[in-house]
Amino acid sequence: MIKRNQPVLLERVNKMRQATNVGEYQEYQGFSGLLKAIEMDKEAILDELDLAHLRGRGGAAFPLGKKWRHLYGAKGDTKYIVCNADEGEPGTFKDKVLLKHDPLSVIEGMVIAGYLFSAKAGYIYMRGEYLGIQKIFQEALDNAEKAGFLGENILGIPGFNYNITIISGAGAYVCGENSALLNSIEGKTGRPRVKPPHLADVGLYLQPTLVNNVESFAGIPVILREGGQAYRDLGTEDGGGTKLICLSGHIKNRGLYEVNLGTSLQDILYSEEYGGGTSTGRPLKFIHFGGQSGPIGAVQNLEDCIYSYEGLWDKDLSIGSGAIVVMDDQVSIVDYLVQVAAFFAHESCGKCTPCRLGTTRILELLTKFNNQTAVVGDLERLEKMLMHVTNLSACGLGQSVANPMKSGLAYFPEEFEAGIREAVTPVKGGLW
Amino acid sequence: MSSLSLSEKEAIILANDSDPQRILNMLIAIQYGSEEGYIDEATAQLVGDHLHLSQARVYEILSFYAILKTEPQAKYVLKICNSTPCLFTGGTMLAEVLETILEVPADEPTPDGLFMYHSIPCIGACDKGPVIKIKDTVFADLTEAKVYQLIDDLQRGCYQEL
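- As named in an unreviewed UniProt entry, chain B is NADH-quinone oxidoreductase subunit E, taken from Candidatus Enterococcus lemimoniae.
- Entered under Cofactor (unreviewed entry) in the UniProt record, the comment concerning chain B runs "[2Fe-2S] cluster".
- Under Sequence similarities (unreviewed entry), UniProt gives the following word-for-word description of chain B: "Belongs to the complex I 24 kDa subunit family."

- An unreviewed UniProt entry annotates chain A as NADH-quinone oxidoreductase subunit F originating from Candidatus Enterococcus lemimoniae.
- According to the UniProt record, the Sequence similarities (unreviewed entry) comment for chain A is "Belongs to the complex I 51 kDa subunit family."

**Quick look at the overall build of chain A**
Turning to step 1, where the next piece is worked out: Across its full length, chain A carries 18 helices and 11 strands.
Turning to step 2, where the next piece is worked out: In summary, chain A has a C-alpha radius of gyration of 22 Å against a globular reference of 22 Å for 432 residues, a match within 12%.
Turning to step 3, where the next piece is worked out: Seen through its C-alpha atoms, chain A measures out along the principal axes to roughly 80 × 45 × 35 Å.
Turning to step 4, where the next piece is worked out: Here chain A has roughly 15,900 Å² of accessible surface; of this, 50% comes from carbon and sulfur atoms.
Turning to step 5, where the next piece is worked out: Side-chain charges in chain A split into 42 positive and 50 negative, and the spacing between the mean points of these groups amounts to 5 Å.

**Regarding the side chain of N213(A)**
Residues and elements named next belong to chain A.
Turning to step 1, where the next piece is worked out: Mapped onto the secondary structure, N213 falls in strand β4 (residues 209-213).
Turning to step 2, where the next piece is worked out: Among the residues examined, N213 registers a relative accessible area of 10% and is labelled buried.
Turning to step 3, where the next piece is worked out: Looking at N213, its side chain comes within polar contact range of the side chain of K94, at 2.9 Å.
Turning to step 4, where the next piece is worked out: At 2.9 Å, the side chain of N213 forms a polar contact with the backbone nitrogen of E215.
Turning to step 5, where the next piece is worked out: Dropping the residues within four chain positions of it, N213 is found in contact with R57, G58, C83, N84, K94 and D95.

**As for the interface of chain A and chain B**
Turning to step 1, where the next piece is worked out: Counting from both sides, the interface comprises 51 residues of chain A and, opposite them, 34 residues of chain B.
Turning to step 2, where the next piece is worked out: For the pairing of chain A and chain B, the buried interface totals around 3,200 Å² over both sides, and the portion due to carbon and sulfur atoms is 59%.
Turning to step 3, where the next piece is worked out: Viewed at the interface, chain B and chain A are joined by 1 salt bridge.
Turning to step 4, where the next piece is worked out: Notably, a salt bridge pairs D141(B) with R254(A), separated by 3.0 Å at the nearest N-O pair.
Turning to step 5, where the next piece is worked out: At the junction of chain A with chain B, the criterion picks out 21 residue pairs in polar contact (both at pLDDT 80 or more).
Turning to step 6, where the next piece is worked out: When residues of the side of chain A that touches chain B are traced back to their parent elements, those giving at least two are β2 (121-126), α7 (131-146), β3 (163-168), α8 (178-185), β5 (242-249), β11 (323-328) and α13 (333-347) of chain A.
Turning to step 7, where the next piece is worked out: The element contributing the most residues to the side of chain A that touches chain B is α13(A), with 7 residues.
Turning to step 8, where the next piece is worked out: Within the side of chain A that touches chain B, the residues separate by chemical class into 22 nonpolar, 20 polar and 9 charged.

**What to know about the pattern of salt bridges**
Turning to step 1, where the next piece is worked out: Summed over all chains, the structure comprises 30 salt bridges over all chains.
Turning to step 2, where the next piece is worked out: A salt bridge links K94(A) to D95(A); the nearest nitrogen and oxygen atoms lie 2.8 Å apart.
Turning to step 3, where the next piece is worked out: A residue is classified by how much of its surface remains accessible, and K94(A), at 1% relative accessible area, is buried.
Turning to step 4, where the next piece is worked out: Overall, the relative accessible area of 2% leaves D95(A) in the buried class.
Turning to step 5, where the next piece is worked out: Here R156(B) and D152(B) are joined by a salt bridge, their closest N and O atoms 3.6 Å apart.
Turning to step 6, where the next piece is worked out: For R156(B), a relative accessible area of 54% translates into the label exposed.
Turning to step 7, where the next piece is worked out: Counted as one network, the salt bridges with shared partners bring together R57(A), K94(A), D95(A), E215(A) and K243(A).

**A short note on the sheet that holds strand β4 (residues 137-139) of chain B**
Residue and element names in this part refer to chain B.
Turning to step 1, where the next piece is worked out: An order of β2-β1-β3-β4 is seen for the 4 strands of this open sheet, with the pairing classed as mixed. Among the strands making up the open sheet, the edge pair consists of β2 (115-120) and β4. The mean angle between the axes of side-by-side strands here comes to 30°, regardless of whether they run parallel or antiparallel.
Turning to step 2, where the next piece is worked out: Across 6 bridges, strand β1 (residues 76-81) lies against β2 in parallel orientation. Along β2, the bridge assignment pairs K79 with H118.

**A few points about a negative patch on the surface**
Turning to step 1, where the next piece is worked out: Taken together, E139(A), D142(A), E145(A) and E152(A) make up a surface patch of like negative charges.
Turning to step 2, where the next piece is worked out: E152(A) sits in the exposed class, given a relative accessible area of 61%.

The rules behind each value
Residue numbers run consecutively from 1 along every chain, following the written order of its sequence. Numbering of ligands from 1 and lettering of chains from A proceed in the order in which they are written. Given that the model is predicted, a residue must reach a pLDDT of at least 70 before its local features are reported, and side-chain atom pairs must reach 80 or more before they are shown or counted; all residues, however, enter totals for whole chains, interfaces and linings. Hydrogens and water molecules were not included; the side-chain quantities draw on all heavy atoms of the structure. UniProt positions are given in the numbering used here, feature names are shortened, and annotations may be inferred rather than shown by experiment. The numbering of helices and of strands both runs from the N terminus, where a helix is a DSSP run of H or I of at least 4 residues and a strand a run of E of at least 2. Our radius of gyration is a C-alpha quantity, and the globule rule it is checked against amounts to 2.2 Å times the number of residues to the power 0.38. Reported accessibility uses the Shrake-Rupley method at a 1.4 Å probe radius. Residues are deemed covered only where the shown protein chains occlude them. Charged residues are defined here as Lys and Arg on the positive side and Asp and Glu on the negative side; His and the ends of the chain fall outside this count. In plain terms, the charge of a residue is placed at NZ if it is Lys, CZ if Arg, CG if Asp and CD if Glu. With a 1.4 Å probe rolled over the protein chains alone, any residue whose accessible area is under 20% of its type maximum counts as buried; one over 50% counts as exposed, and the rest are partly exposed. Residues adjacent in sequence count toward polar contacts only when both atoms are side-chain atoms; beyond that, a polar contact is any pair of N or O atoms within 3.5 Å, and within protein one must be able to donate a hydrogen and the other to accept it. Residue contacts follow a heavy-atom distance rule, with two residues in contact if any of their heavy atoms lie within 4.5 Å. The quantity reported as buried area is the accessible area (1.4 Å probe) lost by two parts once they are put together, taken as the sum for both. What counts as a salt bridge is simple: a side-chain nitrogen of Lys or Arg found within 4 Å of a carboxyl oxygen of Asp or Glu. Residues were grouped as follows: Ala, Val, Leu, Ile, Met, Phe, Trp, Tyr, Cys and Pro as nonpolar; Asp, Glu, Lys and Arg as charged; and all remaining residues, including Gly, as polar. The pairing criterion for strands is at least two bridges between them, as found by DSSP. Here the axes come from fitting lines to C-alpha atoms, over the contacting stretch only for helices, and the angles between their N-to-C directions go from 0 to 180 degrees. A residue counts toward a patch only above 30% relative accessible area and without a salt bridge, and it is joined to like-charged neighbours within 9 Å or, for Val, Leu, Ile, Met, Phe, Trp and Tyr, to nonpolar neighbours within 5 Å.

Structure below.
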C-alpha cells in the first residue's frame, strides 16, 4: 500500500547502500513491477497505465498511457525503447539523482516497455556532463543482466531477449528534443527531424520508437506494482503520481524533493520541509517553472497556487521538467531574461531559420532594454519577434523560447518600459 | 598525464565495438584521455576509418557538440555555469575572480598553458551554485576564497586525476 506524502521514486534513494546491487534493490520491492507485468495480459498493462494517468515527466506532460498505446498499435516487427536522459534544462537535476542512486528503477521501467512491445533493443541517451553516472548506470545494467533481468530469455521466458545500451551525449541542449536525440543515437548530428511522422511510427532507424523521460520510466514499476488507481490517487485529477521538483535560486533549502501533485506552492516555497523561504533575506519576486523554456510567475500572484498540472495551467504556468527557480526582488526581470535568451541563442541548432536568427534577434532586443537603449517601438518588435519564433520554428526549442519572455512581459511591463530611452524620436513603420 | 598512444585510442574504439552509435562515447573518452584535450586531425581520421565514416562526417560531429574540441585546450579548463540558477546565485563573481587571479580574459589560456576559463550552459548542479567544472569534476558552493584555494591547489598539482 502506498499513501500520500510517502516517497515513491526517492524511496530507495535514501536507503540503498549500493545503488547498483540487484539483491538490495529487490529488498525494496525492486523488479516486482516487472514480475507483475509478465503475469498480465498486455492490454491489461496498457489499461493500468491509462488509469494511472502518468503524464510524461520530461516536460511536455503528454499522457504516457496514450503514447504507449500509440506505439502498441504501430505497425512494425522491430520496435525500439529509448530513455531520454539528456537532462539539460537549466534548473533541473532530478534525473541525475535517479540515474545515480536508483538506476535499476529506470532499467526496470525500460524492461517492462521492452516486454510489452516485444522490443529487442533499448537505448538510454545520457548527457555528456554525466560521464561518472554513465559508469554507475553501466554497472547497474551489467548486474541486471547477471541476475537475468536483461539479455536472453529474460525471467526464463523464451524469446524475451532485450538489452539496453548507453549512448553518451556531448553537450547539446537540443538533443533533449526526442527526434534530435534519435538522430544523435544514429551517430549523426543532433538536429531535430521534421514531424510528422510521429516517432511512434517512424523513429529510430525509421522503426516505431518509444521515447520517455527517466522519471517517467522510473514511475512505471510503481504503477504496475501498486495498481493504476493507487498511483493516480497520489496526484490529482489531471495527472497522477508524485513529481520530483528541483528547487534552486534564492531559496534556503535548495535541492531535490518529491511532492504529491496537488501540494500547495506556498508549502513548497516556505515550509521548512521544502524550500524554507528566501536565502538572501530579501522577499521573493518571481519563479521560473520547468526550466529555461518554461513560463515565469510573479510570487505575489501565486498565493493560492496548487502545484499540479491543472493548478499551474490555471495560472498560465506549467510544471515542465519540475524545475522551480526562485529569484528575489533584487533581480531585474529584463536582466534575467537576457540570460535566458542568451541560452537559447547559444543552443539553437541552426537547422531552421526562424529559431537560428530569431533567438539572436530576441537576445539583441532584450539586451537593448537591459542597457536602457531600447527605442519606442522595440517592445512591439519584441512581441512580434516572439510570436514569429514560436509559430515558425520547427521544433520545441524555438517554439518555447517565448514562454518565459511573454510571462515576464505580462507581469513586469514597467521594467521593460524603463529600458526605453524616451529621448529618441519614435521610429515610424518598419515593424517586422 | 600524457597523450594517448595510437593503440590506446584504438582500444577505446574497440571497447565501444567500433559502433557508430557510440561515436560520442569514443570521442569524449579519447579527448578526456589526452593532455591537450582535443581531437586532432589524425585522431578524427582514425575514428572515421574504424567506423567507416568520412573525415567530414567526424568533423561535422566534432563541431556540433559543445564538449568536443578541435583545438588544443589549456591543461585545466574551468567551466562556469552561466544559466540563470547559477548565474544569479554568485556565478558572475566567478568570472570576475578568475580574471583577477589568472589575468586573462575568458576563452584565453594563461601564458603557461595551465588554465583557461569560460562559460557553459547548465551542468545539472543548479542546487550547488556557483560551480566550476573541470572535466567531469564539479566544485560546488564556491566563494571567492574557495576559488583562490582551488587555483592554488591546481597549481600545486593536488588534483592528479584531472
